[in-house]
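Next come the chains, spelled out residue by residue.
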Amino acid sequence: MNNKMSYLLKTVRCMHRCCAVRAPSSSATPRALGIGGYKDPMEKANFRIFSFNIFHCLHEPSPRFLSQKASVFIPGTKTQQEAAAPGNCAEAAAGSRDAQRAAEPGELFVSRLQSCACPRDALELASERAVSARHAAHGLGAVWRLFRGLPEEQRRHEKRLILEHRGFVGLCQQLLRAARRLARGDLVFSLHAVVSLGVPQNTLLVQTLLRVCQEKLNQLDNRCISVLATVLTGLDKDKNVSALQAGLRLLVEQRIPHIRDIFILQNLMRCMGKDAPVSLKKKLEKAVLKEVDDLTLLNAQRVFFALAAMNYCSIPILNACSEKILENIRDAPFRQLILILEACRDLQYRNIKLFSAVANYVTSTACLWDRRQIILLLSAFAMLGFQPTELMDIFAEKVTEDPEFLNLKYLLIILRVYSQLNYVPRGQKQLFIETLHSCLNKYLPSISSTELLKAVYSLCILGYLPHPALDQLLQKENLDELQSGDLYKDQKEMMLQCVKACVELDSPTFTKPELELAEDCSSLAPDKRRKAREALLELLGDENMFRENVQLLHKYHIDFEIRVDSERKKVLPRTATDDHADSSVERLAFLFVPLSAFCMGTTHPQGKLAVKKRHLTKLGYEVIVVMNKKFQEMTNEDAVEFLKGKIYSRSAFPFSEVNVQSNN
């Protein structure tokens, strides 16, 4: 009861002092509260802002109130009556300046916004006076502009201060009340500002602005459409966003022929996204191609990202953007280079010239880059299957000289990169691998079972058995943990199977088994082997002269097995004694693999193919690797001659020089 009485008394005092601010006469009371008599709309709006924080104000020693002119008093200033009291000349002058500030025209308000140095300056300026909806939009735009210019490390702290600032609340309230009266530019820029500053999507303000944008969609010009597209790209799907995207998609399809701004086009491409119909993607592609000759470096980078967001691989556009990047490679920020490589991976765009230029640029300036930056670049190259050998040599030397900078995260990345690309530095293989192994041993007490599996798997791919890590990995509790979860279960099983195969087959004590467990897995040839099967039948005359889809130890399989005499002059038919070791018989294992099994532009096998080839050799096979794509492009006659040459010669790889076709 005492608390309630206390709140009541404070409320009465607040109203009394609010009346005192207005005028000495009692007739000022209803107008000050906006009830009865004359109602100033700006006064009513600001009273709502005031009531928004009423309980906060009740607990302040010097509460702030609104004058008849709807100006907001700053903490520490005096009321008009106090300013006029004798002996308070300085305070009276300050009150006069406040009154003058309240009467400033809108143009001066916008001009003063331009001179603000930080977001809170703009919010304080907006708090000093009641602003119109248009000026509220300008105020939020200025806050976002100033916030965007802050250093990255300062933004998180500053964003919280902005959202809690009384001026920001007032601007948002004003926008909410006047959303449908906003001009189209103010509408979309205000939406962009509040979303970018972190106002949640499910708030009434954001949802109201989205609905008004739907109503005014046909009135938006191309620039406004571009800003709206940028906003929608960063929002989650809900009813208003989905409806607005659908309407925007129809509008964009009509206006594409008239859009000549590459910046607007790339914003629209990002907004349309992967779900856009192919016809719309083609129209956007055609519009970009018209402007492709005027690309800047920044536009070229953004178009890469826009195509990736749309999941549309336009070779002509990508080639043009690549040329612009190649011309200005030294001006491209490092982070942008990483994002471009990731976009190439998503789009499956293979441009060896571009990748080589990026690798050569970083290699030539390696001393300028942080080692962690080089790790990220190597990781991006590994995802593409591109092997920058010189850069990998330089980085390996840095690792061996000073391995202390490697934390567990970076260690795992390095192991993955070098094992996936099947590369160890020239002249320092043993030192490099032992350095990585030593770093891994330091983390064994704290490493998780999944991370341990990844590290051991990578070292095994490179042909190195890390015994302390292996012993820990093969402990029952670690194996049970790896096999219990459903997440990435198939991948973990594959990695465990490879580790077990390496433990047995790469061991110095391993000897070739006298009896090879092998069986035909399927009597039906899949599409990738059909052409090879027909060619072998034509060449050898009988299907008993070869075996197809043979399953071996450790779940290895080969596409075709052919047995020849030791001089490679004739093919031997299958017999009951074929499984027994015979020094006069050689076994050929044909593997038909995709281009992705090799490092881009070379015949150098990547990690999985390399370890399989190594293990098949241990099992007594001579491995013949065939690039399936090139084989399928051959005529039937050429395919027969090709297989004939591989069977009766000792060249393991089908192509001594492979110029893998890029998208250039």
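Criteria and cut-off values
- Residues numbered from 1 in each chain as written.
- Predicted model: local features only at pLDDT ≥ 70, side-chain atom pairs only at ≥ 80, totals over all residues.
- Heavy atoms only, no water.
- Helix = DSSP H or I, 4+ residues; strand = E, 2+ residues; numbered from the N terminus.
- Buried < 20%, exposed > 50% of the residue type's maximum accessible area, 1.4 Å probe, protein only.
- Contact = heavy atoms within 4.5 Å.
- Areas by Shrake-Rupley, 256 points an atom, 1.4 Å probe, with all protein chains shown as cover.
- Salt bridge = Lys/Arg side-chain N within 4 Å of Asp/Glu carboxyl O.
- Phe/Tyr/Trp six-rings, centres within 6.5 Å; stacked < 30°, edge-to-face > 60°.
- Lys NZ or Arg CZ within 6 Å of the ring centre and 35° of its normal.
- Core = buried A, V, L, I, M, F, W, Y, C linked by side-chain atoms within 4.5 Å.
- Pairing = 2+ DSSP bridges.
- 1 Å grid on protein atoms, 1.4 Å probe; cavity = no way out; pocket = protein on both sides within 12 Å on 5 of 7 lines; lining within 4 Å.
- Points joined across faces, edges and corners; volume = space filled by probe spheres on them.
- Nonpolar A, V, L, I, M, F, W, Y, C, P; charged D, E, K, R; others polar.
- Axes fitted to C-alpha atoms, helices over the stretch in contact; angles between N-to-C directions.
- Parallel < 35°, antiparallel > 145°, perpendicular 65-115°, else oblique.
- Left-handed = near helix turned anticlockwise from the far one by under 90°.
- Right-handed = clockwise from strand over helix to strand, strands pointing away.
- pLDDT = per-residue confidence, 0-100.
- Lys, Arg positive; Asp, Glu negative; His and termini not counted.
- Expected span 1.5 Å × (residues − 1).
- Patch = residues over 30% accessible without salt bridge, like charges linked within 9 Å, V, L, I, M, F, W, Y side chains within 5 Å.
- Charge placed at Lys NZ, Arg CZ, Asp CG, Glu CD.

S.K.: Please provide a residue-by-residue account of the overall build of the chain, values included.
M.R.: Helix and strand counts for the chain stand at 33 helices and 6 strands. Looking at the chain as a whole, 48% of its 664 residues qualify as buried. In the chain, 73% of the contacts between residues at least 6 apart in sequence involve partners at least 24 apart. Approximately 33000 Å² of the chain is accessible, and the part contributed by carbon and sulfur atoms is 52%.

S.K.: Explain the pattern of salt bridges to me, using residue names and the numbers behind them.
M.R.: Note on pairing: side chains with opposite charge can pair once their charged atoms come close. Under the defined criterion, the tally for this structure stands at 27 salt bridges. When salt bridges that share partners are traced, they join Arg529, Arg533, Glu543, Glu548 and Asp559 into one network.

S.K.: Let's hear about the packing of aromatic side chains: which residues, and what values?
M.R.: Within this structure, the stated rule accounts for 12 aromatic pairs. Centre to centre, the rings of Tyr361 and Trp369 are 6.0 Å apart; their planes meet at 80°, and the pair counts as edge-to-face. Assessed through its relative accessible area of 18%, Trp369 is described here as buried. Through a chain of ring-to-ring contacts, three or more aromatic side chains come together here, namely Phe546, Phe560, Phe592, Phe631 and Phe642. The ring of Phe147 has Arg155 sitting right over it, with the charged end atom 6.0 Å from the ring centre.

S.K.: Explain the nonpolar core residue by residue, including any values.
M.R.: Of all hydrophobic cores here, the largest spans 180 residues; its most connected members are Phe304, Leu406 and Tyr418. Among the nonpolar cores identified, the runner-up in size contains 22 residues, and Ala532, Met545, Phe592 and Leu643 belong to it.

S.K.: So what's going on with the pairing of strand β2 (residues 547-551)? Which residues, and what values?
M.R.: Among the 5 residues that make up β2, 4 are buried, leaving the element largely enclosed by the rest of the structure. Taken together, the 4 bridges between β2 and strand β3 (residues 557-565) define a ladder with antiparallel strand orientation. When the bridges of β3 are listed, Arg547 appears paired with Glu561. Joining the antiparallel neighbours β2 and β3 is a turn of 5 residues, in which His554 adopts a positive phi near 60°.

S.K.: How would you explain the layout of surface pockets if you had to name every residue and give the values?
M.R.: Computed from the structure, the second largest pocket encloses a volume of approximately 990 Å³. As for the second largest pocket, its lining consists of 36 residues, of which Trp144, Arg148, Phe189, His192 and Thr230 are closest to the centre. Contributing elements (two or more residues each) for the lining of the second largest pocket: α7 (106-114), α9 (133-148), α10 (152-164), α12 (184-196), α14 (222-233), α16 (262-272), α18 (297-310) and α20 (334-347). The dominant element in the lining of the second largest pocket, judged by the number of residues it contributes, is α9, at 8 residues. Split into classes, the residues belonging to the lining of the second largest pocket amount to 14 nonpolar, 13 polar and 9 charged.

S.K.: Give me the lowdown on the environment of Phe642, citing residues and values where you can.
M.R.: On the secondary structure map, Phe642 appears in helix α33 (residues 636-647). Relative accessible area serves as the criterion here: at 11%, Phe642 is assigned to the buried category. Spatially, the C-alpha atom of Phe642 lies 9.4 Å from that of Ala535, the residues being 107 residues apart in sequence.

S.K.: Residues and numbers for unusual backbone geometry, please.
M.R.: Look at Asn422: it is not a glycine, yet its phi comes out positive at around 55°. Relative to the helices and strands, Asn422 is located in the loop between α24 (408-420) and α25 (429-443). The backbone phi angle of Arg568 is positive, close to 60°, even though this residue is not glycine. Residue position: Arg568 is located in the loop between β3 and β4 (571-572). For Arg568, a relative accessible area of 4% gives the class buried.

S.K.: Pulling in residues and values, what's your account of the packing of helix α22 (residues 371-384) against α24?
M.R.: The contact between α22 and α24 brings their axes to 9 Å, and the two run at 40°. If you check the angle between α22 and α24, you find them oblique. α24 is crossed by α22, and the crossing has left-handed handedness. Across the interface between the two elements, Arg372, Ile375, Leu378, Ser379, Ala382 and Met383 from α22 touch Tyr410, Ile413, Ile414, Arg416, Val417, Tyr418 and Gln420 from α24. Residues of the contact of α22 with α24, tallied by class, amount to 9 nonpolar, 2 polar and 2 charged.

S.K.: Before we move on, could you go through the pairing of strand β5 (residues 585-593) and cite the residues and values that matter?
M.R.: Two faces, one strand: in a regular strand the side chains alternate between the faces of the sheet. Of all the 9 residues making up β5, 8 are buried; the element is thus mostly covered by neighbouring parts of the structure. Relative to β5, β3 is paired through 6 bridges, and the arrangement is antiparallel. Among the inter-strand pairings, Ile562 is bridged to a residue of β5, identified as Leu588. Where β5 and strand β6 (residues 621-627) come together, 7 bridges link them in parallel fashion. Paired with Phe592 across the strands is Val626, a residue of β6. You can see the chain leave β5, run along helix α31 (residues 607-618) and come back into β6, and the turn it takes is right-handed.

S.K.: Lay out the confidence of the model for the chain with the relevant residues and their values.
M.R.: Residues with a pLDDT of 70 or more make up 77% of the chain, whose mean pLDDT is 79. Low confidence marks residues 515-525, where pLDDT is under 50. Its contacts with residues over four positions away, or in another chain, come to 29 contacts. Contacts of residues 652-664 to residues separated by more than four positions or lying in other chains number 42 contacts, the stretch itself having pLDDT below 50.

S.K.: Pulling in residues and values, what's your account of the side chain of Glu285?
M.R.: Checked against the element boundaries, Glu285 lands in helix α17 (residues 278-290). Comment: no salt bridge for buried Glu285; closest opposite-charge side chain is Lys282, at 5.2 Å. The contact partners of Glu285, leaving out residues within four places of it in the chain, are Tyr312, Ser314, Pro316 and Ile317.

S.K.: Break down the environment of Gly427 for me, with residues and values.
M.R.: By secondary structure assignment, the location of Gly427 is in the loop between α24 and α25. You can call Gly427 exposed: its relative accessible area is 90%. With 34 residues separating them in the primary sequence, Gly427 and Asp393 have C-alpha atoms 9.7 Å apart.

S.K.: Which residues make up helix α23 (residues 389-401), and what values do they have?
M.R.: Because an α-helix completes one turn every 3.6 residues, residues spaced three or four positions apart along the sequence face the same direction. An ideal rise of 1.5 Å per residue puts 18 Å on 13 residues; α23 measures up with 18 Å between its terminal C-alpha atoms. Regarding α23, the residues found buried are Leu391, Met392, Asp393, Phe395, Ala396, Val399 and Thr400. Tucked into the core, α23 has its buried residues touching α21 (352-364), α22, α24 and α25.

S.K.: Give me a negative patch on the surface: which residues, what numbers.
M.R.: On the surface, Glu538, Glu637, Asp638 and Glu641 cluster together to form a negatively charged patch. The element contributing the most residues to the negative patch is α33, with 3 residues. The class of Glu641 is exposed, set by a relative accessible area of 51%.

S.K.: Mind laying out the packing of helix α28 (residues 476-484) against helix α29 (residues 489-505), listing which residues take part and the relevant values?
M.R.: In contact at an axis separation of 9 Å, α28 and α29 are set at 140° when each is read in the N-to-C sense. On the basis of the axis angle, α28 is oblique to α29. For the pair α28 and α29, the contacting residues are Leu479, Leu482 and Gln483 in the first and Lys489, Lys492 and Leu496 in the second. Of the residues contributing to the contact of α28 with α29, the split by class is 3 nonpolar, 1 polar and 2 charged.

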